Amino acid sequence: MKQQSDARWLACGDTDVGRREHNEDAFFVDDALGLMVVADGVGGHQAGEVASQVTCEVLARDVQRIGDLEGAIRSANLEVRDAVAAGRGKAGMATTVVAAQFDGSRYELAWVGDSRAYLWDGQLKLLTRDHSYVESLLEKGQITFAEARNHPRKNVIVQAIGLQDEDKLRVGQNRGQLKAGDTLVLCSDGLSDVVDCDRLAAILARQEPLEQRCHELVQAAVQNGGRDNVTVVLVQWAGSGSPVASGTAADAPLEPNVVWRYDPGTGDYHGLPELVQPGLPVADDAAAVAAPAPRRARVAPRSPETTQMMSADEMAGLRRVALELPAKQRRRRIVRLTLVALLALSAAAAWFVFGPTVGA
């Protein structure tokens with residue numbers, strides 16, 4: 001993407017180690033490139049901090065050279081794997097990533113894993129869909145939003161830079177346009193896992209310098225008991241004049257796809273999938289309904305200190321279990337009802353045949 005001559009952004013980032021021994025997160029902000037990156041080294045694997053740093057370096061290099069954000073992320077996937085052979089890092093290292101590339105007020109988003117992007121424009125809008133086991137259940141309507149927030153497997157991701165074969169890497173993409181007063185938020189799951197949307201919205205709505213709000217978001221995660229590293233990058237458009245001037249179709253305001261939005265005025269979420277019976281598809285035309293903000297009940301994951309990677313085969317196995325469970329439950333119910341019916345028939349037959357004798 002070519003940078004416009006009048007392009008100007010306000011951007012800043014902050015990070016904290018949290019309760020971990022060291023910080024595996026990395027972030028990158030380059031006003032000249034219009035590039036902002038947050039990378040979260042995958043815990044539980046060796047040298048996650050190396051994987052996140054390599055990813056930031058490759059994105060900065062390739063975006064400047066070829067201007068292709070998705071291509072840069074795919075290059076990072078290969079180079080994180082190759083870095084081990086070159087003596088940098090350790091086998092099994094990996095990272096998630098979310099990145100924004102700006103062209104004037106317009107931006108392109110790309111991500112892998114569960115690092116997120118939000119848009120604050122008076123409402124909090126999620127612009128990325130996690131590559132995670134829990135998100136796959138939520139998207140299919142097999143669990144509720146509240147269950148997703150408190151699920152014991154919420155730390156399990158299914159895509160990560162450095163652990164994916166080239167042909168199996170899924171890069172999520174979105175695009176939009178910042179208006180005056182809007183704020184784009186890039187963050188690691190160290191923020192989104194422990195700070196509720198009402199708190200995020202309250203901090204983003206403050207009339208404070210961008211750097212102060214960024215720091216307050218990070219500290220909100222730390223003070224809320226977050227165990228993981230937490231990293232946040234905030235971006236605001238501050239270009240001179242109107243971002244859209246010519247009035248042509250190509251210059252029309254570009255609205256991003258929104259996964260769901262949170263309205264701080266009512267406390268409701270909009271755009272969440274409807275809950276369906278496990279194993280059944282969600283209707284394509286299911287209407288978006290408002291849902292109240294779920295209460296957070298901190299449920300410790302199986303390995304609360306680490307993000308875990310789940311392979312496609314493991315995902316398929318869990319899906320089979322979820323699909324087979326209702327059928328097994330129906331079979332057990334049929335067997336129980338059949339046994340009850342047989343016992344009832346046997347009792348009735350015995351009464352008719354032996355009733356007088358038994359009575360005597």
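The sections below set out a description of the structure shown in this document. Along each chain, the written sequence defines residue order, and numbers are assigned to residues from 1. Per-residue local features of the predicted model are confined to residues with pLDDT of at least 70, and side-chain atom pairs are confined, for both listing and counting, to 80 or more; whole-chain, interface and lining totals are unaffected and use all residues. Note that the side-chain values use all heavy atoms of the structure and ignore hydrogens as well as water.

Let's shift gears to the side chain of glutamine 123. Within the secondary structure layout, glutamine 123 lies in the loop between β6 (116-120) and β7 (124-126). Counting of polar contacts relies on pairs of N or O atoms within 3.5 Å, with two restrictions inside protein: one atom must be capable of donating a hydrogen and the other of accepting it, and residues adjacent in sequence are counted only when both atoms are side-chain atoms. Among the polar contacts made by the side chain of glutamine 123, one reaches the side chain of aspartate 263 at a distance of 3.4 Å. Here glutamine 123 is in contact with Arg261, Tyr262, Asp263 and Pro264, once residues within four sequence places are set aside. Each helix is a run of H or I in the DSSP string that is no shorter than four residues. Each strand is a run of E no shorter than two, and both are numbered from the N terminus. The contact criterion used is simple: two residues touch if any of their non-hydrogen atoms lie within 4.5 Å.

On to the sheet that holds strand β9 (residues 172-177). Strands were regarded as paired on the criterion that DSSP finds at least two bridges between them. The five strands are arranged β2-β3-β4-β5-β9 in an open sheet whose pairing can be described as antiparallel. Looking at the sheet topology across the chains shown, the edges are occupied by β2 (25-30) and β9. Between one strand axis and the next, the sheet turns through 10° on average, direction left out of account. Direction of pairing for strand β3 (residues 35-41) relative to strand β4 (residues 95-103): antiparallel, over a ladder of seven bridges. Looking at β4, one finds that methionine 36 is bridged to alanine 100. Between N-to-C directions, angles cover 0 to 180 degrees, with each direction set by a line fitted to C-alpha atoms, over the stretch in contact for helices. Here helix α1 (residues 48-66) sits on the sheet in contact with β2, β3 and β4, set at roughly 160° to β3. Of the strands in this sheet, β3, β4, β5 (106-112) and β9 touch helix α2 (residues 69-85), which is tilted by about 25° from β5.

With that out of the way, let us pick up the packing of aromatic side chains. Pairing of aromatic side chains requires ring centres within 6.5 Å, counting the rings of Phe and Tyr and the six-membered ring of Trp. Pairs whose planes differ by under 30 degrees are stacked, by over 60 edge-to-face, and all others tilted. Counted by the stated rule, this structure contains seven aromatic pairs. Measuring from centroid to centroid gives 5.5 Å for phenylalanine 145 and tryptophan 260, while their planes differ by 70°, and the two rings are edge-to-face. Remark: tryptophan 260 occurs in strand β12 (residues 260-263) and phenylalanine 145 occurs in helix α4 (residues 145-149); sequence separation between them is 115 residues. Its relative accessible area of 10% is what places phenylalanine 145 among the buried residues. The cut-offs for exposure are 20% and 50% of the maximum accessible area for each residue type, with area from a 1.4 Å probe on protein chains only; residues under the lower value are buried, those over the upper are exposed, and the others partly exposed. Given the relative accessible area of 5%, tryptophan 260 is considered buried. Ring geometry for tyrosine 262 against tyrosine 269: centres 5.0 Å apart, planes inclined by 50°, an arrangement best described as tilted. Looking at tyrosine 262, the relative accessible area reads 4%, which means it is buried. According to the relative accessible area criterion, tyrosine 269 is buried, its value standing at 2%. Feature note: the residues Tyr118, Phe145, Trp260, Tyr262 and Tyr269 constitute an aromatic cluster, connected by ring pairs.

Geometry only, nothing functional implied.
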